[in-house]
2 protein chains.
Amino acid sequence: MKELLSSDAMATTLAARLDRVAARFERQLQSDLAQVNSLARHVERYRGKMLRPTLVIISGWAVRDSMPEDTEVDSRIDTLAAVVEMIHMATLVHDDVLDEAQMRRGGATVNSLRGNETAVMLGDFLISSAFHLCSSVGLPWLNSALGVTTTQLCSGEILQLTHRGDTALSEATYFEIIRRKTGVLSGACCALAARLAGGADSVVSALHRYGEDLGMAFQIQDDLLDLIGEESVVGKTLGIDLQKGKLTLPIVIHLGRASAPGREETLRAIAACDRTGLVALVRGTGSLGAARERAMELVSSAKERVECLTDSPSRRLLESIADATVERVY
Amino acid sequence: MKELLSSDAMATTLAARLDRVAARFERQLQSDLAQVNSLARHVERYRGKMLRPTLVIISGWAVRDSMPEDTEVDSRIDTLAAVVEMIHMATLVHDDVLDEAQMRRGGATVNSLRGNETAVMLGDFLISSAFHLCSSVGLPWLNSALGVTTTQLCSGEILQLTHRGDTALSEATYFEIIRRKTGVLSGACCALAARLAGGADSVVSALHRYGEDLGMAFQIQDDLLDLIGEESVVGKTLGIDLQKGKLTLPIVIHLGRASAPGREETLRAIAACDRTGLVALVRGTGSLGAARERAMELVSSAKERVECLTDSPSRRLLESIADATVERVY
């Protein structure tokens, strides 16, 4: 993130805020049971880019650019940042159970170390803790908005599961899945921070859409990395989407474009989990490039959404984050 | 439940309230996705005794016995009843994943029909929906109390998982596990309803303890049924505790009482999942009776807790529910 920041001062301030968020996160997970604390420490190692807390804090800054400092608002925004990170961690822990993944951020997953049962319960503990922390802000609308966000997120996962192995998956359904699974949470990060920061409805709505577009672009980049990334660079088990019958955007586009024999060859490559063969086929119809283009369109759209905000270093940072989403290799 | 009610009028009123709770429950789970609605309908079939909503409603009555009717209070209490039932359903769905159970209330479990992944996500959807519904009451303390309750519940499950197969499990740890796993939620049912009903702190606290004691007695009865119940009567897969290395109270007591050779024979019976052999051994040291006695003590304690409440049909109903907990065969 540091290389995106327009000044060292901004980088220092953001780092300090993220440290406060991390401390709030850790404090909330402290239990009177050693067994729970040891699991919580394992999850804290999953914290990587802290993209969602960063979106929360910078959205708050973008709204409050010309307003006086307010430590109460800052404190609420820090809490929200810890809440969304906790929800995100819960989805990672449960996703790893669903995916039977062995590796996450270069370390072993909870399910591989401690079994699926513990991973399911740890995820539940994280969701509960997130809602508990959220209620500490004392604003019923915030709890309600978090509830809407997480139920949508779950419905996206359920929609994806019901389409597992569905080689006729349309682009429209694919986008509906990733909007719910990924877009809704990052949209909420930006919109709820903006509302806590006292933003006008139009600003809250613009940031909401920015976050949704950004989240979906992020997911498409994840799809691309699962297909063509290097495991040692990405730091997690790759090719899982393929194994678990999840059709990613490059493959959805490719299946729509391929000839009848090409389609059959592709289905054979999917069935055999032949990642190399599949990449060659998908490249052949230009579908890798097409998926990448969709991600770029979402990035452009995200940047347009925030044009209505006052021009400020924070707004420019939101724009840089959008660009970085599709440039990352991990 | 009907046979416990002191008058037909009370039975009719309770049935009407529980219908309202069921309607609120169903409304909250309605989604714009057909796939989610079909899963929600499956879960609605799990609703059996509705013990927790019943505890919520009767606790409210016991507090408001001499107070005028208040439809707003009633409506909040109905919402709480739907919330706790939703949390309970979520734990059933995730427990069935943990236990690899095939049957629940005489029907197939979600995990056996639709796979573990869908069951994990459905449980998450139910937890999220419960918190969302809870926030509709608009009282931050209620959301916060629900957060405390569910994190404790999860920590109890995690504690139980870390002691799986631990044949040296102490009675103290066993009771700590079931207090968190089962007592905390039924305690919250009674305490939060009492608080919503405007009860004094002493009344809230008495009902809290009543609910905790009752929940623990209920769990011990479940333990006994898992060991000696009839599957066709109980309506769910039995002997699971044994298979999954969960030590139930009769066995914990028995292992503490058995001679060295008796202990070895018991461990062999556990390893072989020999339910019949195990029952004979546990009976031999009087440990079935001893576990039953612990449950009866908790029932007596629960009834003592509510002695401070005004004598009323509702209070007597709470006492009858406590008695019924250890008399049930399903």
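Residues numbered from 1 in each chain as written. Chains lettered and ligands numbered in written order. Predicted model: local features only at pLDDT ≥ 70, side-chain atom pairs only at ≥ 80, totals over all residues.

### Re the overall build of chain A
A tally of helices and strands in chain A yields 16 helices and 2 strands. Since a compact globule built from 330 residues should have a radius of gyration of about 20 Å, the 20 Å found for chain A is in line with a globular shape. Across its three principal axes, chain A shows a C-alpha extent of roughly 65 × 50 × 35 Å. The proportion of buried residues among the 330 residues of chain A is 52%. Contacts spanning at least 24 positions in sequence make up 76% of the contacts within chain A whose residues lie at least 6 apart. (Helix = DSSP H or I, 4+ residues; strand = E, 2+ residues; numbered from the N terminus. Rg over C-alpha atoms; globule rule 2.2 N^0.38 Å. Buried ≥ 20, exposed ≤ 12 C-beta atoms within 10 Å, placed from the backbone. Contact = placed C-beta atoms within 7 Å.)

### Topic: the environment of leucine 278 of chain B
Residues and elements named next belong to chain B. Tracing the chain through its elements places leucine 278 in helix α14 (residues 275–284). Sequence separation of leucine 278 and alanine 16 is 262 residues, and the distance between their C-alpha atoms is 44 Å. Leave out the neighbours within four places in its chain, and leucine 278 touches Thr266, Ala269 and Ile270.

### Points about the packing of helix α7 (residues 140–162) of chain A against helix α8 (residues 171–196) of chain A
All names here are of chain A. The geometry of α7 relative to α8 is characterised by a closest axis approach of 7 Å and an angle of 160 degrees between their N-to-C directions. It follows that α7 is roughly antiparallel to α8 by the angle criterion. In the crossing of α7 with α8, the sense of the turn from one axis to the other is left-handed. Contact residues: Leu142, Ala145, Thr149, Gln152, Leu153, Ser155, Gly156, Glu157, Leu159 and Gln160 in α7; Glu176, Ile177, Arg180, Lys181, Val184, Leu185, Ala188 and Leu192 in α8. Per-class residue counts for the contact of α7 with α8 are 9 nonpolar, 5 polar and 4 charged. (Axes fitted to C-alpha atoms, helices over the stretch in contact; angles between N-to-C directions. Parallel < 35°, antiparallel > 145°, perpendicular 65-115°, else oblique. Left-handed = near helix turned anticlockwise from the far one by under 90°. Nonpolar A, V, L, I, M, F, W, Y, C, P; charged D, E, K, R; others polar.)

### A word on α7 of chain A
Taking 1.5 Å as the rise per residue, α7 of chain A with 23 residues should run 33 Å; its terminal C-alpha atoms sit 33 Å apart, in good agreement. Among the 23 residues of α7 of chain A, 17 are classified as buried, and the element is accordingly described as predominantly covered. (Expected span 1.5 Å × (residues − 1).)

### Digging into helix α12 (residues 249–257) of chain A
Owing to its 3.6 residues per turn, the α-helix aligns residues three or four sequence positions apart on the same side. Residues and elements named next belong to chain A. Within α12, 7 of the 9 residues are buried, which leaves the element mostly enclosed by the surrounding structure. The complete set of buried residues in α12 reads Leu249, Pro250, Ile251, Val252, Ile253, His254 and Leu255. Its buried side turned inward, α12 meets α8, α9 (201–228), α13 (260–271), α14 (275–284) and α15 (287–305).

### Re the relation of the copies chain B and chain A
For the match of chain B to chain A, the screw axis carries a shift of 0.0 Å, the RMSD comes to 0.0 Å, and the turn is 180 degrees. Here the copies are linked by what is in effect a two-fold axis. Closest to the rotation axis within chain B is the C-alpha of proline 140 of chain B, separated from it by 3.0 Å. Both copies present the same face, since 100% of the interface residues in chain B are matched by interface residues at the equivalent positions in chain A. (Least-squares fit on C-alpha atoms with pLDDT ≥ 70 in both.)

### Remarks on unusual backbone geometry
Positioned with a positive phi, cysteine 273 of chain A is a non-glycine residue whose angle comes to about 50 degrees. Backbone geometry places methionine 50 of chain B, a non-glycine residue, at a positive phi of 50 degrees. Within the secondary structure, methionine 50 of chain B sits in the loop between α2 (34–44) and α3 (51–64). Residue methionine 50 of chain B is classed as partly exposed on the basis of its C-beta count, with 19 C-beta atoms lying within 10 Å.

### Describing the packing of α9 of chain A against helix α16 (residues 313–325) of chain A
Residue and element names in this part refer to chain A. The contact between α9 and α16 brings their axes to 9 Å, and the two run at 20 degrees. Of the possible angle classes, the one that applies to α9 and α16 is roughly parallel. Read as a crossing pair, α9 and α16 show a hand that is left-handed. Residues Tyr210, Leu214, Ala217, Phe218 and Gln221 of α9 lie in contact with α16, whose contacting residues are Leu318, Ala322 and Thr325. The residue inventory of the contact of α9 with α16, partitioned by class, reads 6 nonpolar, 2 polar and no charged.

### Re the interface of chain B and chain A
The interface is formed by 37 residues belonging to chain B together with 37 residues belonging to chain A. Looking at the side of chain B that touches chain A, the elements that each hand over two or more residues are α2, α4 (71–99), α6 (116–135) and α7 (140–162) of chain B. Top element by residues in the side of chain B that touches chain A is α7 of chain B. It accounts for 14 residues. Class assignment of the residues belonging to the side of chain B that touches chain A gives a composition of 17 nonpolar, 17 polar and 3 charged.

### Quick word on the confidence of the model for chain A
On average, residues of chain A score 91 in pLDDT, and 95% of them reach the 70 mark or higher. Overall fold confidence (pTM) sits at 0.93, and the ipTM for the predicted complex is 0.92. (pLDDT = per-residue confidence, 0-100.)

### What about the environment of isoleucine 158 of chain A?
Its location among the elements puts isoleucine 158 of chain A in helix α7. Counting along the chain gives 23 residues from isoleucine 158 of chain A to lysine 181 of chain A, while the straight-line C-alpha distance between them is 9.4 Å. Those residues in contact with isoleucine 158 of chain A that lie beyond four places of it in its chain are Gln35, Val36, Leu39, Thr118, Met121, Leu122 and Phe125 of chain B.

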